[in-house]
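# Topology and contacts: notes
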Amino acid sequence: MAREIRFNAFDMNCVGHIQQGLWSHPRDRSMEYTSLAYWTDYAKRLEAGLFDGIFLADVVGIYDVLSGSPAPALRGAVQVPVNDPMMLVPAMAAATRHLGFGVTANLTYEQPFLFARRMATLDHLTGGRIGWNIVTGYLDSAARAIGLDGQMAHDDRYDLADEYMEVIYKLLEGSWEDGAVVADKTAKVYADPQRVHPVHHHGRQYRVDAYHLSEPSPQRTPVLYQAGSSPRGRQFAATHAECVFVNGQKKEGVREIVTDIRARAEGLGRHGDDIKVFLGATIVTGRTEKEARDKFEDYRQYVSSEAALTHAAASMGIDFDKFDMDEPVETGKSQAITSNIKAMDRAAGPQWTKRKLIEQMVLGSRQPPLVASADQVVDWLVDWVEDTGVDGFNLSRTVVPECFDDIIELVVPRLQEKGLYKTEYREGPLREKLFGNARLSDRHVASTHRQKV
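These notes cover the structure that comes with them. Owing to the predicted nature of the structure, the values given are computational and were not obtained by experimental measurement.

## Looking at the packing of helix α6 (residues 154–174) against helix α7 (residues 231–240)
For the pair α6 and α7, the least separation of the axes is 10 Å and the interaxial angle reads 10°. Our classification of the angle between α6 and α7 gives roughly parallel. Touching Asp155, Tyr158, Asp159, Ala161, Asp162, Met165 and Tyr169 of α6 are Arg232, Gly233, Phe236 and His240, all from α7.

This is the structure in structure tokens:
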């Protein structure tokens, strides 16, 4: 296998992200999340390890499904308090030269006109290193926060998202021509008005009559990330995404998702390799397997089962407090993340219980950790790439910063020795580093909104 394995750090601008409870470990520094120095140091570490980027998740509501109350989330710092991920990016970009930044933004609650300007601004300030993780939300609490009674139905949210993306492409790709900025001081002409065009969009959800306010940025459109694994989510990914994030499960399931999304993309006139797939992974490693096992046992002492159930309840839309420990969980119809329920069905069987769920969450999340020596980790990574077709891994934090220091010091050199990991960064914007071109491919649907010159 000659393909380069790629790494993103997977985190959030909060105390407790995925591995619930580990923020309480004595060596964990995630309570420093309100400090800019914490994030700039974080970014420097990742760039020293030649990570492709840091992938920042986000939610805009509180987890209040378990027991019908936000109290468990607040007690356990389950993604609350949580701050805006975009505010971190300029500072981390100023501290680095190559690291990419994938930021999550919920399009359901963002007006596309202003959001397009925010993305363009970040692309300018980072020198073209910004990516956008497109999400449509899964929390009723977020919908209520902006005055709605609840979320739209799961598939309806994707219908809205398709139109949202159309507006974004019109603004970022179609309003300003490449040669619109003249910047002629002598003639006192900054932009050629004939080469800046208004956007007129009158759709079912959005109405925009405006000029995009920002001049073209290095990438124009940010690198597009998406994480939907439902049938509707896969179709959205095949249409729009350049990088797809899939959650860990059995290899056959991941392979089927990867193959299906790439086949759907080819059916839309794209190439299969127009999409890179990142698998979520939690890794606890050491120089030997015993060292890794000892570290894992140390970490386990700080796991919070209540916090883990709080997170699972919100992402599945199920109040687990309504079930006894060994009572089969009735999933019903949920407007949350439907692929999470299906993944649990695959992992524990259709008649799974709360006890089975807790037993699976050995490090505070439903994602089972890989606990192995650095050599074993390398073999595991290679096997997954070869057997499923994924391109890289979103590495979820456990105890920071040591979890990423371990990857950088122990795993990265071993991958480099095998020719499976870069030894230096490619120059250029994030998309160029990933795909060889700073701008979206002509095969992408966004290209249909560019000005014909």
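## Observations concerning the packing of α7 against helix α8 (residues 251–267)
Where α7 contacts α8, the two axes come as close as 8 Å, and the packing angle between them is 50°. Classified by the interaxial angle, the pair formed by α7 and α8 is oblique. Both α7 and α8 take part in a crossing whose hand is right-handed. Between α7 and α8, the contacting residues are Pro231, Arg234, Gln235, Ala237 and Ala238 on the first element and Glu256, Ile257, Asp260, Ile261, Arg264 and Ala265 on the second.

## Focus: empty space enclosed by the protein
Throughout the structure, instances matching the rule amount to four cavities of 30 Å³ or more. Considering only enclosed or pocket space, the largest cavity measures out at about 50 Å³ in volume. Around the largest cavity, the lining residues are Arg29, Tyr38, Asp41, Tyr42, Arg45, Val400, Pro401 and Phe404. Considering each element in turn, the lining of the largest cavity owes the most residues, four residues, to helix α1 (residues 36–48). Its residues assigned to classes, the lining of the largest cavity comprises five nonpolar, no polar and three charged. For the second largest cavity, the calculated volume is near 40 Å³. Looking at the second largest cavity, the residues that line it are Ile283, Leu395, Ser396, Cys403, Phe404 and Ile407. Only β14 (392–396) and α14 (402–417) provide two or more residues apiece to the lining of the second largest cavity. Top element by residues in the lining of the second largest cavity is α14. It accounts for three residues.

## Quick notes on the layout of surface pockets
In this structure, the second largest pocket spans a volume of roughly 250 Å³. Lining the second largest pocket are 14 residues; nearest its centre among them are Asn437, Arg439, Leu440, Ser441 and Arg443. Across the lining of the second largest pocket, the residue classes break down as two nonpolar, three polar and nine charged.

Reading the values: the criteria
Residues numbered from 1 in each chain as written. Predicted model: local features only at pLDDT ≥ 70, side-chain atom pairs only at ≥ 80, totals over all residues. Heavy atoms only, no water. Axes fitted to C-alpha atoms, helices over the stretch in contact; angles between N-to-C directions. Helix = DSSP H or I, 4+ residues; strand = E, 2+ residues; numbered from the N terminus. Parallel < 35°, antiparallel > 145°, perpendicular 65-115°, else oblique. Contact = heavy atoms within 4.5 Å. Left-handed = near helix turned anticlockwise from the far one by under 90°. 1 Å grid on protein atoms, 1.4 Å probe; cavity = no way out; pocket = protein on both sides within 12 Å on 5 of 7 lines; lining within 4 Å. Points joined across faces, edges and corners; volume = space filled by probe spheres on them. Nonpolar A, V, L, I, M, F, W, Y, C, P; charged D, E, K, R; others polar.

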